[in-house]
Amino acid sequence: MNTKTTLVADNVSLRYGSKGSGVTAIENISLDVNEGEFVTIVGPSGCGKSSFLSMVAGFVPVSGGRITLDGKPLSGPGSDRGVVFQEHALFPWMSVRQNIAFGPRVNKVPAREIEKRVDELLELIGLTRFRDSWPKELSGGMKQRVAIARALANRPKMLLMDEPFAALDAQTRRFLQDELLRIWQTTKTTILFITHGIDESVLLADRVVVMTARPGRIKTIIPVPLPRPRDENTPEFTRVRKQVSDALLSELKMV
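Residues numbered from 1 in each chain as written. Predicted model: local features only at pLDDT ≥ 70, side-chain atom pairs only at ≥ 80, totals over all residues. Heavy atoms only, no water.

Looking at this structure, how should I read the side chain of arginine 150?
Looking at the secondary structure, you find arginine 150 in helix H4 (residues 140–152). It turns out arginine 150 is buried and unbridged, and the closest side chain with the opposite charge, glutamate 87, is 11 Å from it. Polar contacts involving the side chain of arginine 150 include one to the main-chain carbonyl oxygen of alanine 89, which spans 2.9 Å. Discounting residues that sit within four places of it in the chain, arginine 150 has contacts with His88, Ala89, Leu90, Phe91, Asn99 and Ile100. (Helix = DSSP H or I, 4+ residues; strand = E, 2+ residues; numbered from the N terminus. Buried < 20%, exposed > 50% of the residue type's maximum accessible area, 1.4 Å probe, protein only. Lys, Arg positive; Asp, Glu negative; His and termini not counted. Salt bridge = Lys/Arg side-chain N within 4 Å of Asp/Glu carboxyl O. Polar contact = N/O pair within 3.5 Å; in protein donor to acceptor, adjacent residues only side chain to side chain. Contact = heavy atoms within 4.5 Å.)

See the structure below:
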């Protein structure tokens, strides 16, 4: 594992509303994520998981503390961070190829380089023969693969994923978990992944961050020292799953 730190959240807080009558959503979160690492975040509903991801993405400004990427403070969205949401958010009037090419075009990447990136990403996600298809012609799992490719097209330093498989059926979700791991191992892109699934968090992550009930804080960070591919039925997997489950269960009782 590369030990170079990519993302640093330093004592980050998020408050909504005025100081006297506002709500503190996130309080004093400090987290380092290393280059090439896969980190998942779990926590009770409403604990601020997605809000934290939105701050890292630059969509929401921090109320306190600061977030840096490769030592540079984040002040808004940027092509150095690719974002994948639960809903694929593909442009329905664009083909698969055009959707993937959108980011590089906006960033004025030369046309020949865009074509090369699109071809490489289509091959990576296994959808080369669907390059000219429209989003409405794709299954849910295929749409999410295109969304991942589109997020990777700018060659970001980090991929931020907000419950990207939550709306899919169990079989498709399991397939895409394996696909995501394959893509991650190929691209070596740092990933921060929000999930409600305990099994999913342990299956994917190098480390699992467990958040408290609101106001969201980091309760514990659990390393997952299991070789990949992982088998959910092994005693080792069960042991880590129980660690995450026990930490989360105590917070659910407080909600």
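For this particular structure, what's the right way to read unusual backbone geometry?
Glycine aside, negative phi is the norm for most residues, and most peptide bonds take the trans geometry. A cis amide bond links arginine 214 with the next residue in sequence, proline 215, at an omega value of 0°. Structurally, proline 215 can be placed in the loop between strand E9 (207–211) and strand E10 (218–223). Cis geometry marks the peptide bond from arginine 228 to proline 229; its omega dihedral reads 0°. Relative to the elements of secondary structure, proline 229 occurs in the loop between E10 and helix H7 (235–252). Despite not being glycine, glutamate 163 has its phi angle at roughly 50°, a positive value. Along the polypeptide, glutamate 163 turns up in the loop between strand E7 (158–162) and helix H5 (170–187).

Is there a simple way to think about the pattern of salt bridges in this case?
When the charged atoms of two side chains with opposite charge come close together, those side chains can pair. Using the criterion set out here, one finds 15 salt bridges in the structure. Across the pair arginine 182 and glutamate 179 runs a salt bridge, and its minimum N-O distance is 2.7 Å. Placement of the pair is arginine 182 and glutamate 179 together in helix H5, with a separation of three residues, close to one helical turn. Residue classification places glutamate 179 among the buried residues on the basis of a relative accessible area of 14%.

What's the story with the environment of serine 133 in this structure? I'm lost.
Along the polypeptide, serine 133 turns up in the loop between helix H3 (111–125) and H4. On the basis of relative accessibility, which here comes to 13%, the residue serine 133 falls in the buried class. Sequence separation of serine 133 and valine 96 is 37 residues, and the distance between their C-alpha atoms is 5.8 Å.

Is there a simple way to explain the packing of aromatic side chains in this structure?
How two aromatic rings sit relative to each other is given by the distance of their centres and the angle of their planes. For the structure on display, the rule yields six aromatic pairs. Considering the side-chain rings of phenylalanine 165 and phenylalanine 193, the 5.9 Å spacing of their centres and the 55° angle between planes classify their relative orientation as tilted. Of this pair, phenylalanine 165 sits in the loop between E7 and H5 while phenylalanine 193 sits in strand E8 (residues 190–194), placing them 28 residues apart in sequence. An identical accessibility class is assigned to phenylalanine 165 and phenylalanine 193; each is buried. Clustering of aromatic rings is evident, with ring pairs tying together Phe38, Phe165, Trp184 and Phe193. Residue placement shows arginine 150 over the ring face of phenylalanine 91; its charged tip is 5.2 Å from the ring centre. (Phe/Tyr/Trp six-rings, centres within 6.5 Å; stacked < 30°, edge-to-face > 60°. Lys NZ or Arg CZ within 6 Å of the ring centre and 35° of its normal.)

How do you make sense of helix H1 (residues 49–57) when you look at a structure like this?
A turn of α-helix holds 3.6 residues, and therefore any two residues three or four places apart point the same way. Where burial is concerned, most of H1 is hidden: eight out of the nine residues are buried. Within the sequence span of H1, burial applies to Lys49, Ser51, Phe52, Leu53, Ser54, Met55, Val56 and Ala57. Following H1 by one or two positions, glycine 58 has its phi on the positive side, about 90°.

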